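Letter by letter, the chains look like this.
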Amino acid sequence: MNTMLNLHAKVHNWTDTIGFRLNTSQTNKKNRVTTNHYFFETFNFFERNKDGDTKNSKFLCFDAYGEKINVRSLLDLQTAFFENISQL
């Protein structure tokens, strides 16, 4: 297995394991940006990419206090997720 996976691949491998679902997917035809909204229980995150270029996907989620987190690593997303789930 390739250990040099990009962020998109790491995030999707993890979310598939946890059981996240795609809620909506919208594409702005003018600027060709696709926004995907994923959720699991009470946790949501967003993925944006341009022209379907998943290598340069950007991820956004919110911490347990509603603060915006720009996800730069899988650990950022996992930390926010487990903090959110622990509040249930």
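Visitor: How should I be thinking about the overall build of the protein chain in this particular structure?
Guide: A tally of helices and strands in the protein chain yields two helices and five strands. Scanning the protein chain from its N terminus toward the C terminus, one meets helices and strands in the order α-β-β-β-β-β-α. Over its C-alpha atoms the protein chain spans a radius of gyration of 13 Å, differing by no more than 12% from the 12 Å that the globule rule assigns to 88 residues. Counting only C-alpha atoms and orienting by the principal axes, one finds that the protein chain spans roughly 40 × 35 × 20 Å. Counting the 88 residues in the protein chain, one finds 30% classified as buried. Considering only contacts in the protein chain between residues 6 or more positions apart, those separated by 24 or more positions represent 29%. Only carbon and sulfur atoms are counted for the fraction: they give 50% of the accessible area of the protein chain, which is about 6100 Å². Taking the average place of the 11 positive charges on the side chains of the protein chain and the average place of its 9 negative ones, the gap between the two points comes to 11 Å.

Visitor: Sorry, what's going on with the pattern of salt bridges here?
Guide: When the charged atoms of two side chains lie near each other, side chains of opposite charge can form a pair. Tallied over the full model, the rule gives one salt bridge. A salt bridge links arginine 32 to aspartate 51; its shortest N-O distance comes to 2.5 Å. Of this pair, arginine 32 sits in the loop between strand E1 (21-28) and strand E2 (33-40) while aspartate 51 sits in the loop between strand E3 (43-50) and strand E4 (58-62), and the two are 19 residues apart along the sequence. On the accessibility criterion, aspartate 51 (48% relative accessible area) is partly exposed.

Visitor: In this structure, what is going on with the packing of helix H1 (residues 7-18) against helix H2 (residues 74-86)? I would like to understand it.
Guide: Helix packing geometry: the angle between the two helix axes and the distance between the axes. Direction vectors running N to C along H1 and H2 enclose 30°, while the axes themselves pass 9 Å from each other. Classed by the angle they form, the pair H1 and H2 counts as roughly parallel. Residue-level contacts link Leu7, Lys10, Val11, Trp14 and Ile18 of H1 to Leu74, Leu77, Gln78, Phe81 and Phe82 of H2. The residue inventory of the contact of H1 with H2, partitioned by class, reads eight nonpolar, one polar and one charged.

Visitor: Is there a simple way to think about the nonpolar core in this case?
Guide: Side chains of nonpolar character tend, in soluble globular proteins, to be buried together. Grouped together as the largest cluster of nonpolar side chains are 13 residues, with contacts concentrated most on Val11, Trp14, Phe20, Phe43, Phe45, Cys61 and Leu77. For this core, the secondary-structure elements that each account for two or more residues are H1, E3, E4 and H2. Ranked by the residues each element gives to this core, the list is headed by H2, at four residues. Filtering out sequence-adjacent residues up to four positions away, phenylalanine 43 remains in contact with Phe20, Tyr38, Cys61, Phe62, Leu77, Ala80, Phe81 and Asn84.

Visitor: What should I look at first to understand the side chain of histidine 37 in this one?
Guide: Considering the arrangement of structural elements, one finds histidine 37 in strand E2. Residue classification places histidine 37 among the buried positions, given a relative accessible area of 13%. A distance of 2.8 Å separates the side chain of histidine 37 from the side chain of asparagine 44, its partner in a polar contact.

Conventions we followed
- Residues numbered from 1 in each chain as written.
- Predicted model: local features only at pLDDT ≥ 70, side-chain atom pairs only at ≥ 80, totals over all residues.
- Heavy atoms only, no water.
- Helix = DSSP H or I, 4+ residues; strand = E, 2+ residues; numbered from the N terminus.
- Rg over C-alpha atoms; globule rule 2.2 N^0.38 Å.
- Buried < 20%, exposed > 50% of the residue type's maximum accessible area, 1.4 Å probe, protein only.
- Contact = heavy atoms within 4.5 Å.
- Areas by Shrake-Rupley, 256 points an atom, 1.4 Å probe, with all protein chains shown as cover.
- Lys, Arg positive; Asp, Glu negative; His and termini not counted.
- Charge placed at Lys NZ, Arg CZ, Asp CG, Glu CD.
- Salt bridge = Lys/Arg side-chain N within 4 Å of Asp/Glu carboxyl O.
- Axes fitted to C-alpha atoms, helices over the stretch in contact; angles between N-to-C directions.
- Parallel < 35°, antiparallel > 145°, perpendicular 65-115°, else oblique.
- Nonpolar A, V, L, I, M, F, W, Y, C, P; charged D, E, K, R; others polar.
- Core = buried A, V, L, I, M, F, W, Y, C linked by side-chain atoms within 4.5 Å.
- Polar contact = N/O pair within 3.5 Å; in protein donor to acceptor, adjacent residues only side chain to side chain.

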